[in-house]
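Secondary and tertiary structure notes
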Amino acid sequence: MIVAIDGPAGSGKGTVTKIISQRMGLVNLDTGATYRCVALASLRAGLTLNDEEKIVDLIDSLDIELEHQNGEIKVFLNGEDVSKEIRSSEVTSIVSQVSSIVPVRLKMVDLQRKLAKGKNVIMEGRDIGTYVFPNAEVKIYLDADVEERARRRFKENQEKNISCTYESVLDNIKKRDENDKHKEIGSLRVADGAIIVDSTNMTIEEVADKVEKIILEAK
Ligand code: DC
């Protein structure tokens, strides 16, 4: 079974996906983490967004793995645990553009499909229901007002000791929304057959309950 959860940054996808994967025993696949690994590797290699070809060349030297430990996803890049580093503001500020590079997307989609093979998964991202798994049994588009999403992401960063201001988070989210909605392939949009859940005025538990109900009904 494939449950696709798409939506913009800060809509609650990550948290809800984590809760549902634990409640329902589905493997949690965070597809954004795969793009974040490419962005991190590019920064480490001293590349900028002008070095598209070099970024694409770099991918073949990357081994990206998602491991599940005590309900958390650990992200490994060439064997190194980069779970925290991929959330840094440096990575966050370039990841949407890195993920717009067509060969990067094609390779990451390939990897994401492989990671899901033969498993019951809940996958979160931007293009899961539209492009990665258009035949997913359940498709949910999670949304929320942009200021609310920025407030959530700012709070989350503070809890994780990631330095930022509310204004910088809001600005980054607006830019990513714009970029994520206008990609050549896999742009963020509501998939055919997706159920839209607006989480602006809902608690995370309420959202999780609603998503669980949608999955149970689809089963
Ligand atoms: O979900 P996230 O914030 O970790 O995602 C990081 C970036 O990766 C996001 O700005 C867009 C991109 N992304 C994508 O293009 N397609 C996906 N399936 C997941 C993420």
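The rules behind these values
- Residues numbered from 1 in each chain as written.
- Predicted model: local features only at pLDDT ≥ 70, side-chain atom pairs only at ≥ 80, totals over all residues.
- Heavy atoms only, no water.
- Helix = DSSP H or I, 4+ residues; strand = E, 2+ residues; numbered from the N terminus.
- Rg over C-alpha atoms; globule rule 2.2 N^0.38 Å.
- Buried < 20%, exposed > 50% of the residue type's maximum accessible area, 1.4 Å probe, protein only.
- Axes fitted to C-alpha atoms, helices over the stretch in contact; angles between N-to-C directions.
- Parallel < 35°, antiparallel > 145°, perpendicular 65-115°, else oblique.
- Left-handed = near helix turned anticlockwise from the far one by under 90°.
- Contact = heavy atoms within 4.5 Å.
- Pairing = 2+ DSSP bridges.
- Expected span 1.5 Å × (residues − 1).
- Polar contact = N/O pair within 3.5 Å; in protein donor to acceptor, adjacent residues only side chain to side chain.
- Near = heavy atom within 4 Å.
- Areas by Shrake-Rupley, 256 points an atom, 1.4 Å probe, with all protein chains shown as cover.
- Phe/Tyr/Trp six-rings, centres within 6.5 Å; stacked < 30°, edge-to-face > 60°.
- Lys NZ or Arg CZ within 6 Å of the ring centre and 35° of its normal.

**Examining the overall build of the protein**
From N to C terminus, the protein includes nine helices and eight strands. For 219 residues, the compact-globule estimate of 2.2 N^0.38 gives 17 Å, and the protein sits close to it at 16 Å. Seen through its principal axes, the protein has C-alpha atoms that stretch 50 × 40 × 35 Å. With 219 residues in all, the protein has 51% of them scored as buried.

**Some thoughts on the packing of helix 2 (residues 31-44) against helix 3 (residues 52-59)**
Close contact between helix 2 and helix 3 brings their axes to 10 Å; oriented N to C, the two are set at 115°. Put simply, helix 2 runs roughly perpendicular to helix 3. Crossing handedness for the pair helix 2 and helix 3: right-handed. Residues Val-38, Ala-41 and Ser-42 of helix 2 form the contact with helix 3, whose participating residues are Ile-55, Leu-58 and Ile-59.

**Looking at the environment of Val-109**
With respect to the element layout, Val-109 can be found in helix 5 (residues 102-116). Residue class for Val-109 comes out buried when judged on its relative accessible area of 2%. Separated by 61 residues in sequence, Val-109 and Thr-48 place their C-alpha atoms 22 Å apart. Not counting residues up to four positions away in its chain, the partners in contact with Val-109 are Tyr-35, Asp-127, Tyr-131 and Val-132.

**Considerations on the sheet that holds strand 7 (residues 138-143)**
Strand order across the open sheet formed by five strands is 2-6-1-7-8, with parallel pairing between neighbours. The open sheet has two free edges, formed respectively by strand 2 (27-30) and strand 8 (195-198), since each of these has just one partner strand. When strand polarity is set aside, the average angle formed by the axes of neighbouring strands in this sheet is 20°. Pairing of strand 1 (residues 2-6) with strand 6 (residues 121-125) involves five bridges; the strand directions are parallel. The residue of strand 6 that forms the bridge with Ile-2 is Val-121. Along the sheet face, helix 2 touches strand 2 and strand 6 and points at about 40° away from the line of strand 2.

**Concerning helix 1 (residues 13-24)**
Between the first and last C-alpha of helix 1 there are 16 Å, a value that for twelve residues agrees with the 16 Å anticipated at 1.5 Å per step. Listed in full, the buried residues belonging to helix 1 are Lys-13, Val-16, Thr-17, Ile-19, Ile-20, Ser-21 and Met-24. Turning to helix 1, the residues buried within the fold contact strand 1, strand 2, strand 6, strand 7 and helix 9 (204-218). The positive-phi residue at the C-terminal boundary of helix 1 is Gly-25, with phi of around 65°.

**Some details on the side chain of Ser-96**
For Ser-96, the location among the structural elements is in helix 4 (residues 89-98). One polar contact links Ser-96 to Asn-179, side chain to side chain, over a distance of 2.8 Å. With residues up to four places along the chain from it excluded, the contact list for Ser-96 reads Arg-176, Asn-179, Asp-180 and Lys-183.

**Observations regarding the site of the ligand**
Around the ligand, the surrounding shell holds 15 residues, and the nearest of these are Arg-36, Arg-105, Arg-126, Asp-127 and Lys-183. At 3.4 Å from an oxygen atom of the ligand is found a side-chain nitrogen or oxygen belonging to Ser-99. One nitrogen or oxygen atom from the side chain of Arg-126 is found 2.9 Å from an oxygen atom belonging to the ligand. With the chains in place, 98% of the 450 Å² that the ligand exposes on its own is no longer accessible.

**A few points about the packing of aromatic side chains**
Two aromatic rings, taken as a pair, are described by how far apart their centres are and by the angle between their planes. Taken as a whole and assessed by the stated rule, the structure comprises one aromatic pair. Their ring planes at 80° and their centres at 6.3 Å tell us that Phe-154 and Tyr-166 sit as a pair that is edge-to-face. Separated by twelve residues along the polypeptide, Phe-154 in helix 7 (residues 146-159) and Tyr-166 in helix 8 (residues 166-181) bring together distant segments of the chain. Its relative accessible area of 21% is what places Tyr-166 among the partly exposed residues. Above the ring of Tyr-131, the side-chain terminus of Arg-113 is found at 5.7 Å from the ring centroid.

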